[in-house]
Protein chains: 2
Amino acid sequence: MQKRKMKELNPWEVGEIKDYGKLIKEFGMKPMDDYRIKYDDLLYIRRGIIFGHRDFNLIDEAIEKKKPYALMTGLMPSGAFHFGHKMVADEIKYFQDNGAQIFICAADIESYLMRGIPLDVARKTAVEDYLTNYLALGINPENLTFWFQSDYRTEYYRMRDLLSKRPTFNELKAIYGELSTGKIISALTQAADILHPQLKELGGKKPVIVPVGADQDPHIRLTRDIASRETEYDIIPPAATYHKFMGGLQGGKMSSSDPKSHISLLEEPKKAIKKVMGAKTGGRESAEVQRKKGGRPDQCMIYELCLYHLVPDDIELARIHAECVSGATLCGDCKKRCAGFLTTFLEEHQKKVAQARKTAEKIAKKKT
Amino acid sequence: MQKRKMKELNPWEVGEIKDYGKLIKEFGMKPMDDYRIKYDDLLYIRRGIIFGHRDFNLIDEAIEKKKPYALMTGLMPSGAFHFGHKMVADEIKYFQDNGAQIFICAADIESYLMRGIPLDVARKTAVEDYLTNYLALGINPENLTFWFQSDYRTEYYRMRDLLSKRPTFNELKAIYGELSTGKIISALTQAADILHPQLKELGGKKPVIVPVGADQDPHIRLTRDIASRETEYDIIPPAATYHKFMGGLQGGKMSSSDPKSHISLLEEPKKAIKKVMGAKTGGRESAEVQRKKGGRPDQCMIYELCLYHLVPDDIELARIHAECVSGATLCGDCKKRCAGFLTTFLEEHQKKVAQARKTAEKIAKKKT
């Protein structure tokens, strides 16, 4: 049972994680509840989508006392940039607005080793899809270190090599199962990605927050263990926040590589609307039953889209929820309303994307 | 039995290797015999000390046709630079004089991961002991790429990361036994050390010769396997020559970390003479017996020193050999004669060392 839990939390073999409470009990995360009111201007914290953390108190203190801190995040340059990715972008922007120095890594070595994606393909995706969307979602290019794992500063590679002394083989096996040299390089590189913002050359020791989905916790734990054992570098373990996953539009997993499961932020609005109209909802077997019993927003991908992204106003969201569970609004009308929100969002966003392209290219070319 | 053989050839747990012929039979090395006459101006080839090779024909062809080729070697920055290391230096100089582009790696990441030597200590040893002695032994600083594993060009780290896709775990286990992340990083880095001279940025695909002791063959085989499987880079497997080991002065192994076992090239001549006078020889239980039966140069560390280093003239060496086996010269006198050769060598060498220091510092500071 324990073994299965570990496997469920393996970043390279993700399954559905239903019971987020268990993660907190079994893996030593802390619930985010203490910070829900203080940081209620971030929708994901306010609505409990960011449900857990490690050492967020350090970040809270840095924000409070205006001390230096950083946010680090990585992107896997594969597949389309969808609403699941938007969550991370919104979190980056939020902490950037609250004083964090931002580090964004394009994990092209990992995508090569684990998925066989050539570096030039990964580079194109990272810049044209990910970085461009990040900028269009409001991330400030001025306060941003963006790098490719295959093309960065020597200090970073040196740090990774020295860190390799720390993790034990059994520790790696417990997290990743059967090991390969590629997996080990990927894991160590990710540790360096997270820890190197504390290099002297980059301002030295400081709290670093890594906003991740719950499935990424094994990486966080490994990196925290490595940091706590490290003697060559004066660093502290990274902090993390954990968010829930969005489900796929048809139910099941949302996946970059399955276009039916997600809406890309670069998708033509008409196509996106079709996906909304075909999405899985919490509707009943007939209109009649639904009018009587009401819908089930907790099982509805349309409601999830509104909850996570399209309806930032809590009162409006509460109204949508009430109309559903009371049976007053049926799925067809609700989908049409959602399609309206989505069209507005995509049209506005895609205008910004057009403006962001050049900046993204420029950032990617700059030597870091 | 096979397993024990593998272990004997593990670069990190070296034992004595008595039967060099077996290495050729069991591990697919080729004997060097075909090239002994053609390359007889290199003492180690002429005298059969370099006994085996892989793909030396490619190097022969490059020399013959004046085509580009490279020599790559690594140094472990730990302990003193002794006569065992001088062998590699002489080989570097020989191939440099014969047109090779020279690549010398200071394996400071390996010495950190495998032996816990801090990078700054390794750097000092690499420059003041190794590189300085290399230059004093005649290696030309003009045609030389010298780097630290911890401080090199991004293309090199990128190459190592991409190469990590190739070796299988079982292959690594067969060579290194119990694995650790540090061992894997060391092994992959060494592969990149050997293969990266074929990067486009460094002149592209070409034969590369790696002169090594027989114990290093597992690294060579691994690197050749990686190169032959690689698809991202247009490279060929490295060639190698294999030399016999010098024994320790007291018998047993010569070791950098045991000062009694070796003579450092920076050693005070007086101290060096003392070591010579106390060395293990092939002498008999009494002078009388030795005068009758003769000495055994094949068991004599003094003879080995003359054979490998101090008596380059074959006729003179033959005379020393004859005087020993006939019983005409006894060990005491022979040691004194050797001490004379040694003093001359060390005094001349150490003058050159004094001149080489600044150049070594300059090379180490230059960004490669």
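Heads up: these notes are all about the structure in this document. Since this is a predicted model, take the numbers as computed values, not measurements.

Parameters and conventions
Residues numbered from 1 in each chain as written. Chains lettered and ligands numbered in written order. Predicted model: local features only at pLDDT ≥ 70, side-chain atom pairs only at ≥ 80, totals over all residues. Heavy atoms only, no water. Helix = DSSP H or I, 4+ residues; strand = E, 2+ residues; numbered from the N terminus. Buried < 20%, exposed > 50% of the residue type's maximum accessible area, 1.4 Å probe, protein only. Contact = heavy atoms within 4.5 Å. Buried area = accessible area lost by both parts, 1.4 Å probe. Salt bridge = Lys/Arg side-chain N within 4 Å of Asp/Glu carboxyl O. Polar contact = N/O pair within 3.5 Å; in protein donor to acceptor, adjacent residues only side chain to side chain. Nonpolar A, V, L, I, M, F, W, Y, C, P; charged D, E, K, R; others polar. Core = buried A, V, L, I, M, F, W, Y, C linked by side-chain atoms within 4.5 Å. Disulfide = S-S within 2.5 Å. Pairing = 2+ DSSP bridges. Right-handed = clockwise from strand over helix to strand, strands pointing away. Phe/Tyr/Trp six-rings, centres within 6.5 Å; stacked < 30°, edge-to-face > 60°. Least-squares fit on C-alpha atoms with pLDDT ≥ 70 in both. Axes fitted to C-alpha atoms, helices over the stretch in contact; angles between N-to-C directions. Parallel < 35°, antiparallel > 145°, perpendicular 65-115°, else oblique. Left-handed = near helix turned anticlockwise from the far one by under 90°.

## Quick word on the overall build of chain A
- Within chain A one finds 16 helices and seven strands.
- Overall, the C-alpha framework of chain A stretches about 70 × 50 × 45 Å when taken along its three principal axes.
- Burial statistics for chain A: of 368 residues in total, 60% are counted as buried.
- For chain A, the share of sequence-separated contacts (at least 6 apart) that also reach a separation of at least 24 residues comes to 76%.

## Quick word on the interface of chain A and chain B
- Each partner contributes residues to the interface: chain A has 28 residues there, and chain B has 29 residues.
- Each partner contributes to the roughly 2700 Å² buried at the junction of chain A and chain B, and carbon and sulfur atoms together form 60% of this total.
- Where chain A touches chain B, the interface holds four salt bridges.
- Between Asp151 of chain B and Arg158 of chain A there is a salt bridge, and its shortest N-O distance comes to 3.6 Å.
- Taken together, the connections running from chain A to chain B amount to 16 residue pairs in polar contact (both at pLDDT 80 or more).
- Breaking the side of chain A that touches chain B down by element, the ones donating at least two residues are helix H6 (108-115), helix H8 (154-163), helix H9 (169-176) and helix H10 (181-195) of chain A.
- For the side of chain A that touches chain B, the leading source of residues is H8 of chain A, giving six residues.
- Split by residue class, the side of chain A that touches chain B holds 14 nonpolar, seven polar and seven charged.

## A look at the nonpolar core
- Core analysis: the biggest nonpolar cluster contains 96 residues, and Phe51 and Ile184 of chain A together with Phe51 and Ile184 of chain B have the highest contact counts within it.
- For Ile184 of chain A, the residues in contact, after removing those within four places along its chain, are Phe169, Leu172 and Leu179 of chain A together with Phe169, Thr181 and Ile184 of chain B.
- Counting residues in each nonpolar core, the second largest holds 72 residues, with Leu43, Ile63, Leu310 and Ala360 of chain A among its members.

## Quick notes on the state of the cysteines
All names here are of chain B.
- Scanning all chains against the criterion turns up zero disulfides over all chains.
- Between Cys324, a free cysteine, and Cys300, which holds the nearest cysteine sulfur, the sulfur-to-sulfur gap is 6.4 Å.
- Judged by its relative accessible area of 17%, Cys324 falls in the buried class.

## Focus on the pairing of strand E6 (residues 208-213) of chain B
Residue and element names in this part refer to chain B.
- Judged by how many residues are buried, E6 sits mostly within the fold: six of six residues are covered.
- Burial of the side chains of E6 extends over both faces: Val208, Val210 and Val212 are buried on one face and Ile209, Pro211 and Gly213 on the other.
- Note that strand E3 (residues 70-75) and E6 share two bridges and pair parallel. Counterpart to Ala70 in the pairing with E6 is Val208.
- One ladder, built from five bridges, connects E6 with strand E7 (residues 239-243); its direction is parallel. Its bridge partner lying in E7, Gly213 is registered against His243.
- Remark: the E6/helix H11 (residues 217-229)/E7 crossover connection has right-handed handedness.

## Comments concerning the side chain of Ser164 of chain B
- Mapped onto the fold, Ser164 of chain B is located in the loop between helix H8 (154-163) and helix H9 (169-176).
- Residue class for Ser164 of chain B comes out buried when judged on its relative accessible area of 0%.
- Here the side chain of Ser164 of chain B touches Asp161 of chain B through a polar contact of 2.7 Å, landing on its backbone oxygen.
- The residues contacting Ser164 of chain B, other than those within four sequence positions of it, are Leu113, Thr181, Gly182 and Ile185 of chain A together with Leu188 of chain B.

## Some points on the packing of aromatic side chains
- One pass over the structure, following the stated rule, counts 30 aromatic pairs over all chains.
- Both rings, one in Tyr157 of chain A and one in Tyr157 of chain B, keep their centres 4.7 Å apart while their planes meet at 10°; by these two values the pair is stacked. Taken together, the residues span two chains, with Tyr157 of chain A in helix H8 and Tyr157 of chain B in helix H8.
- Aromatic side chains Tyr94 of chain B and Phe95 of chain B sit 5.3 Å apart centroid to centroid with 85° between the ring planes, which places their arrangement in the edge-to-face category.

## Details of the relation of the copies chain A and chain B
- When chain A is fitted to chain B, the residual RMSD is 0.0 Å, and the transformation amounts to a turn of 180° plus an axial shift of 0.0 Å. Taken together, these values place the two copies in the relation of a two-fold axis.
- Both copies present the same face, since 100% of the interface residues in chain A are matched by interface residues at the equivalent positions in chain B.

## Points about the pattern of salt bridges
All names here are of chain A.
- With the rule as written, the count across this model stands at 43 salt bridges over all chains.
- Of the charged contacts in the structure, one is a salt bridge between Lys67 and Glu61, with a shortest N-O distance of 3.1 Å.
- Residue classification places Glu61 among the partly exposed positions, given a relative accessible area of 30%.
- Here Glu128 ties to Lys124 by a salt bridge, and the two come within 3.0 Å at their closest N and O atoms. Here the residue Glu128 and the residue Lys124 both occupy positions in helix H7 (residues 119-136), the gap between them amounting to four residues, near one helical turn.

## A few points about the packing of helix H12 (residues 269-277) of chain B against helix H16 (residues 331-365) of chain B
Residue and element names in this part refer to chain B.
- In contact at an axis separation of 9 Å, H12 and H16 are set at 150° when each is read in the N-to-C sense. If you check the angle between H12 and H16, you find them roughly antiparallel. Crossing handedness for the pair H12 and H16: right-handed. Here Pro269, Ala272, Ile273, Val276 and Met277 of H12 lie close against H16, whose contacting residues are Gly332, Lys335, Lys336, Cys338, Ala339, Leu342, Thr343, Leu346, Glu347 and Gln350.
- Here the contact of H12 with H16 is built from residues that sort into nine nonpolar, three polar and three charged.

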